[in-house]
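Structural features, examined
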Amino acid sequence: MDEDLGAFDPTIPEEGPSAPPAGWLDDVQGYQGHGGADPGHDPMYPPPPAYSPQPELNRNTSVPEVRVPVVSEDIARTALLKFVESKWNYSTKPARNMTFRTLEPVVVYRYWLESYTETRTSAWACEPFYGQTVDGPQYGLSPPPWEVPVPPPQRYEDQVQMTRVPHSSFVKVCHKCNGCGRTRCTHCSGRGRKRCVRCRNGRIRRNGKSAHCSSCHGRGHKTCSFCHGHGHKTCSVCDGKQNLMHFIQLTITWKNNIDNFIPDRQPDFPDEKFSKVKGDSFFVDENQLVYPIYGFPDQEICNASKKFITDHLTRFSSTCRILQQRQTIELVPLTHASYTYNGKNFDYFLYGLENKVYVSKYPTSCSIM
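Residues numbered from 1 in each chain as written. Predicted model: local features only at pLDDT ≥ 70, side-chain atom pairs only at ≥ 80, totals over all residues. Heavy atoms only, no water.

**Structural notes on the overall build of the chain**
The criterion, for reference: Per the convention used, a helix needs a DSSP run of H or I reaching at least four residues, while a strand needs a run of E reaching at least two, with both numbered from the N terminus. Between two residues, a contact is recorded if the distance between any of their heavy atoms is within 4.5 Å. Residue-level accessible areas treat just the shown protein chains as cover; the underlying method is Shrake-Rupley with a 1.4 Å probe.
Tallying secondary structure elements over the chain gives 3 helices and 16 strands in all. When contacts within the chain are restricted to residue pairs at least 6 apart in sequence, long-range pairs at least 24 apart make up 81% of them. Of the roughly 21000 Å² of accessible surface on the chain, 48% is carried by carbon and sulfur atoms.

Now the structure itself:
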């Protein structure tokens, strides 16, 4: 039995729920529907119609023509030498002595669509009440979610910011400790002591004889290490202040949603290599809403533009505010280099503005014995 461990203080309550129970918090006009302080139930507010731009029908965007860059033999050889020197098992001799057969530029365009969006959700939050100013309904009605002023970050920069909704604050007794400021220790049931698990009533058997327990010094119990023998702990929610200030916290999320497309123009070249290099952005179109590209020589780019723009408008306009869109076409350099070495034909690719090299087969390799 635990009676011999001492009595607990009945005025100190057991721990209550970590979140306010249903009905504990008042409704705030324009923010109804919160499930108490349940973090898994944060309402999302679609922007009002005035915040959602509507696209003009049958509007398109034209793109200027662009010249495809040509790579010289010197540049192609230098790039291959740099690549070979980075591989310990490749010899530089073939790269120095090869004879170029052709340097064939391949026209590769990459299309990007960025939609910079803003999303707003809200949830109840609280903090210990130390006597700070309470911005409550006595100062007026809380503004709707999309009318709470929040300065936006730099365009196309992902960021999350939290702010209090004006006039949504009020003070209530702490739900965790019922305003006591302390809660009963759950490890010792509020008694401040725990039964020693190494002995029975302070005695142990040692070498067949009864002896004092060295762990509890023969007392049969030990001071609770969690509450240091007090039988209670400071309330973890109100920090012992007995009251909490509740308020609605608005979470604003800015996100740059990006899609890109690059046509497969060279079956022998792995397209995933393009993701690690830069291209020449010869066309950038930026507005609150952009429109599909038409009349561009590569019809696949036109199709991707139309598809992505329609998809972004469908995905984001119902739940987010589209602040800005930007579509970009890059010319990504790709050159197919063919050469001869020791009477045999080989090839490789130069790609990106960085003139990186992709080789599927190189003439000779060295081995370390």
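**What about the packing of aromatic side chains?**
Where we set the bar: Here the aromatic set is Phe, Tyr and Trp, taking the six-membered ring for Trp, and pairing holds for ring centres within 6.5 Å; pairs whose planes are under 30 degrees apart are stacked, those over 60 apart are edge-to-face, and all others are tilted. For the exposure calls, accessible area comes from a 1.4 Å probe over protein chains only, and a residue counts as buried if that area is under 20% of its type's maximum, exposed if over 50%, partly exposed in between. In this scheme, the term charge over a ring applies when either NZ of a lysine or CZ of an arginine sits within 6 Å of the ring centre and within 35 degrees of the ring normal.
Under the definition given, this model contains 14 aromatic pairs. Ring centres of Tyr339 and Phe346 lie 5.8 Å apart, and the angle between their planes is 25 degrees; on these two criteria the pair is classed as stacked. This pair shows no difference in class: Tyr339 is buried, exactly as Phe346 is. Feature note: the residues Phe269, Phe274, Phe349, Tyr351 and Tyr358 constitute an aromatic cluster, connected by ring pairs. In this arrangement the basic side chain of Arg164 is found over the ring face of Phe247, its NZ or CZ atom lying 3.9 Å from the centre. Over the ring of Tyr156 we find Arg326; its NZ or CZ atom is 3.9 Å from the centre of that ring.

**Regarding the sheet that holds strand β16 (residues 356–358)**
Where strands meet in a sheet, backbone hydrogen bonds hold them as pairs that are either parallel or antiparallel. The test is simple: Here, a strand pair is defined by DSSP locating no fewer than two bridges between the strands. Throughout, an axis means a line fitted to C-alpha atoms (over the contacting stretch in the case of helices), and angles, computed between N-to-C directions, take values from 0 to 180 degrees.
On the basis of which strands lie adjacent, the open sheet formed by 4 strands has the order β1-β14-β15-β16 and antiparallel pairing. Single-partner strands in this sheet number two, and they are β1 (99–105) and β16. Each neighbouring strand pair of the sheet contributes to a mean axis angle of 25 degrees, computed without reference to strand direction. Relative to strand β15 (residues 344–351), strand β14 (residues 334–341) is paired through 8 bridges, and the arrangement is antiparallel.

**A look at empty space enclosed by the protein**
Rule in force here: The rule is simple: put a 1 Å grid over the protein atoms alone, call a set of points where a 1.4 Å probe fits but cannot get out a cavity, call an open set with protein on both sides within 12 Å along at least five of seven lines a pocket, and count a residue as lining if it has an atom within 4 Å of a point. Grid points are joined across faces, edges and corners, and a volume is the space filled by probe spheres set on the points. Gly is put with the polar residues, along with every residue not named as nonpolar or charged; the nonpolar set is Ala, Val, Leu, Ile, Met, Phe, Trp, Tyr, Cys and Pro, and the charged set is Asp, Glu, Lys and Arg.
Scanning the model with the defined rule gives 1 cavity of 30 Å³ or more in all. Considering only enclosed or pocket space, the largest cavity measures out at about 40 Å³ in volume. Surrounding the largest cavity, Ser52, Pro53, Leu289, Leu313, Ser317, Cys320, Arg321 and Ile322 form its lining. Across the lining of the largest cavity, the residue classes tally to 5 nonpolar, 2 polar and 1 charged.

**Quick notes on the pattern of salt bridges**
Where charged atoms from two side chains of opposite charge come close, those side chains can pair. Where we set the bar: Between Lys or Arg on one side and Asp or Glu on the other, a salt bridge is scored when a side-chain nitrogen of the former is within 4 Å of a carboxyl oxygen of the latter.
Applying the stated criterion across every chain, the model contains 9 salt bridges. The partner of Glu85 in a salt bridge is Arg96, with the nearest N and O atoms 3.9 Å apart. Linking Glu85 in helix α1 (residues 73–85) with Arg96 in helix α2 (residues 93–97), this pair joins segments that are 11 residues apart in sequence. Take Glu85: its relative accessible area is 53%, and that puts it in the exposed class. Accessibility expressed as a relative area gives 48% for Arg96, which makes it partly exposed.

**Examining the pairing of strand β7 (residues 203–206)**
Direction of pairing for β7 relative to strand β8 (residues 209–212): antiparallel, over a ladder of 4 bridges. If you follow Arg206 over to β8, its bridge partner there is Lys209. Where β7 folds back onto β8 in an antiparallel hairpin, the turn is made up of 2 residues, including Asn207, whose phi is positive at roughly 55 degrees.

**As for unusual backbone geometry**
Non-glycine residue Asn178 carries a positive phi angle of around 55 degrees. Inspection of the secondary structure puts Asn178 in the loop between β4 (170–173) and β5 (182–184). Here the phi dihedral of Asn355 falls at roughly 55 degrees; this positive angle occurs in a residue that is not glycine. One can find Asn355 in the loop between β15 and β16.

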